[in-house]
Amino acid sequence: MEVLKEKVEEEEEAEREEAAERGEKMMRPLETRREEPPMTQEMLRDLEKKLSEIEIIIPEQPLIVTKDSVDISKLPLSYRSNTLKEEHLLQVADNFARQYSHLCPDRVPLFLHPLNECQVPKFVSTTIRPTLMPYPELYNWDSCAQFVSDFLTMVPLPDPLQPVVQEEEKVPPKKYAIKPPRDLSSRFEQEQNMKKQQEIKGEKEKQRKEEEQRLLELEKAKIDPLHGLRVHAWVLVLSGKREVPESFFIDPLTARSYSTQDDHFLGIESLWNHKNYWVNMQDCWNGCKDLVFDLGDPVRWEYLLLGTDKAQLAVAEEEEDGMNDDEDMENLGKEDEDKSFDMPPSWVEQIEISPEAFETRCPNGKKVIQYKRAKLEKWAPYLNSDGLVCRLTTYEDLECTETLEIKEWYQHREDMLELKHINKNTGLNVDYFKPGHPQALRVHSYKSMQPEMDRVMEFYETARVDGLIKREETPKTMTEYYQGRSDFLSYRHVDFGDRVKKLALNSAESNPRPMVKITERFSRNPTKPADEDVAERVFLILEERIQLRYHCRDDHITASKREFLRRTEVDSKGNKIIMTPDMCISFEVEPMEHTKKLLYQYEAMMKLKNEEKLSRHQAWESELEVLEILKLREEEEAAHALTISIYDTKRNEKSKEYREAMERVMHEEHLRQVEAQLDYLAPFLAQLPPGEKLTRWQAARVKDECLSDFKQRLIDKANLIQARFEKETQELQKKQQWYQENQVTLTPEDEDWYLSYCSQAMFRIRILEQRLNRHKELAPLKYLALEEKLHKDPRLVDFLKVFV
């Protein structure tokens, strides 16, 4: 606060000089009065008491979260109370705010310690959880309502120009040149037409400017009463670290970045991060354009806490001559260490967002943003049944009553629909599809879904066998564009005539439009000479003519042409018509002998007849494909089914049902295996013929076999224990006999081993004797228990009642 103190001292000195000047101008008789005594201790105490009674009024911050929406009892202790270090920090902040309010009474109180959800004051710096690179937040005088920018039109940048090296085509010099035809049009009429067009254009421009001026006046008439009084928190990213060239702001609500030179920023009150708090001491008369974001400069930024890790000056000062002594450096370090105060750790827990809440993106999954002459609506994925996630509506007037166009974005559509553009003025609808549509549809432009209307369909040519790129249709024509075909077809245009009226449900399929003319164009086939490679082929169906135009050679200015008069193969009397020279009219740049022969012309005409039939059939198939696409689009719009990932177990009902069915089958199989392991009748029932019902005699037999088998198992177990008992006893007797025979010659180690063996053998014999006695006691009881269980078994109970 040294800068503030110096400023106050200068103001007080200026006031004392003004008071002295006013005293000299006072009347001289006052000088005869007795001088006033100097300020006493009592007066100083009264002044101190009055200063201490000054209260800083901090405006209450509106609570974003209501009491009913947060359960305070479930919050951690750090939310409901302050530590001693936090209490100390709040006292320091109160002292700083008191001095700031006294020295700068015209400025707004600082935003230092708002109340949290539990109505506990918390210092703003402790609300930040530090990350790898914490950025200071800022508190500025920004008008939130006015800082709604217009929509940014995303203009794609052109790809970088690739160097193309081409060899210049060698063209032989031309000896002769064709004179262009004379222009017989009237220049006066052209000038008059140009003047009319300029007048119309000027009138439209004048009307446009008047409309813009009228709208501008309407906007100026609406004065915002809260301009410059709103406060908003932004994020400031300082330059210097992580290759950040210049400082910029980030809007935490939209995550958009803005330059510090933006005109919408009116000023900055304070900055803070998880380490310190800075107050802006610079004049913001020009917004944030002239601000210097050097937090190490105490003249421009007054800091709250003095620590060793505070920001340094951006411009290094010149080094003084000589080096400081070691004692001065140590004293300086101790002085800084005494004055430093570490910021308490953040009291806020780490934010955890569930996948469902993250996918919602906004409250209730919907967000509406109102712009000037536009409205933007956003929805969470899968919230709408048709997959709509975003809608942009533009209006013609400021009141947003007359709609100009609507753009709708979709996600997870099964028909791969991505964007729908609706123009209300022209009535044109444009649908955009992602790759994967059943008909390889990419763009569909139409005004009506009825067939034989104006429409344009664009396709993904790599997904189609015929290489179709685009199809344009009108009530009288249909044009198709191809690419990458083996026959080099690139263009087909079909002209239709008037349809003969017939009563049919679907006239386009059962009563197709008559074809009048078919025009086909082909790309250059490098394997053929240019004079034999057809460039354009026209079938005049009603006139029974076929026109051919070949590709032009590189060293020629004209191309060869040929026209066939197509006649029926037989006349009215049934006589076969013979090919005549007048049925083929040709113009050849370089005449060849074989093309003038009637046989060559006859074969060419027969081939063209077959190709005409094929072209007419392909055009008819294109009409049917249009009908199929329109029918499919109507079904897709009615169903608007959505695709669900197999990893989305909550929405994918089929995957969920399949998983539950598999778990149920595995559980049943596990129970069956456990039951088979514990089923004492399974080995005996398996001996019976499968699929047959159990009889009484078989039930009695199964019961007797089970009891006899169990009895034999008990006997075998008793015999096994008895055999082990007898074996251990014999082994012990042999060792005792060996000891009696060799007792004199045994060493102490041998005697110890003998005693240890006898002890272990007696222990095993005693255990086996106990097990044998226990088995003899429990064997009859187990036999009776099994017999009772067999009588109660549901598979034998009906048959064994007679034997009870």
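Residues numbered from 1 in each chain as written. Predicted model: local features only at pLDDT ≥ 70, side-chain atom pairs only at ≥ 80, totals over all residues. Heavy atoms only, no water.

> Help me understand the environment of Met 457, please; the structure alone is not making it clear to me.
With respect to the secondary-structure elements, Met 457 resides in strand 15 (residues 455-459). Look at Met 457 and you get buried, because its relative accessible area is 1%. (Helix = DSSP H or I, 4+ residues; strand = E, 2+ residues; numbered from the N terminus. Buried < 20%, exposed > 50% of the residue type's maximum accessible area, 1.4 Å probe, protein only.)

> Mind showing me how you'd approach the nonpolar core here?
Soluble globular proteins: nonpolar side chains tend toward being buried together. By size, the foremost hydrophobic cluster in this structure holds 20 residues, and its most contacted members are Leu 110, Leu 112, Phe 123 and Tyr 277. Breaking this core down by element, the ones donating at least two residues are helix 4 (84-103) and strand 6 (277-280). Considering every element that reaches this core, the biggest residue donor is helix 4, with six residues. Among all residues touching Leu 112, those that are not within four sequence positions of it are Ala 93, Ala 97, Lys 122, Phe 123, Val 124 and Tyr 277. Counting residues in each nonpolar core, the second largest holds 19 residues, with Ile 541, Tyr 550, Ala 604 and Leu 608 among its members. (Core = buried A, V, L, I, M, F, W, Y, C linked by side-chain atoms within 4.5 Å. Contact = heavy atoms within 4.5 Å.)

> I'm lost on the side chain of Ser 247 in this one. Help?
Its location among the elements puts Ser 247 in the loop between strand 2 (232-237) and strand 3 (248-250). Among the polar contacts listed, one links the side chain of Ser 247 to the backbone nitrogen of Ser 239, at a separation of 3.2 Å. (Polar contact = N/O pair within 3.5 Å; in protein donor to acceptor, adjacent residues only side chain to side chain.)

> Whenever I open this one, the confidence of the model for the chain confuses me. Can you help?
Low pLDDT marks stretches whose predicted atomic positions should not be read closely. Residues with a pLDDT of 70 or more make up 77% of the chain, whose mean pLDDT is 80. Model confidence for the chain, summarised as mean pLDDT per element, is weakest for strand 1 (residues 137-142) at 40 and strongest for strand 13 (residues 429-433) at 97. Every residue in residues 332-337 scores below 50 in pLDDT, and together they form one contact with partners more than four places removed in sequence or on other chains. (pLDDT = per-residue confidence, 0-100.)

> Please clarify how the pairing of strand 21 (residues 545-550) should be interpreted in this entry.
Looking along a regular strand, one sees side chains alternate from face to face of the sheet. The two faces of strand 21 differ: Ile 546, Leu 548 and Tyr 550 on one face are buried, but Arg 545, Gln 547 and Arg 549 on the other face are not. Relative to strand 21, strand 20 (residues 534-540) is paired through six bridges, and the arrangement is antiparallel. Pairing of Val 534 across the sheet is with Tyr 550, part of strand 21. The hairpin formed by strand 20 and strand 21 contains four residues between the paired strands, and Glu 544 there has a positive phi angle of roughly 55 degrees. Summarising the sheet, strand 21 and strand 22 (residues 561-565) pair through five bridges and their orientation is antiparallel. Paired with Leu 548 across the two strands is Arg 562, which belongs to strand 22. (Pairing = 2+ DSSP bridges.)

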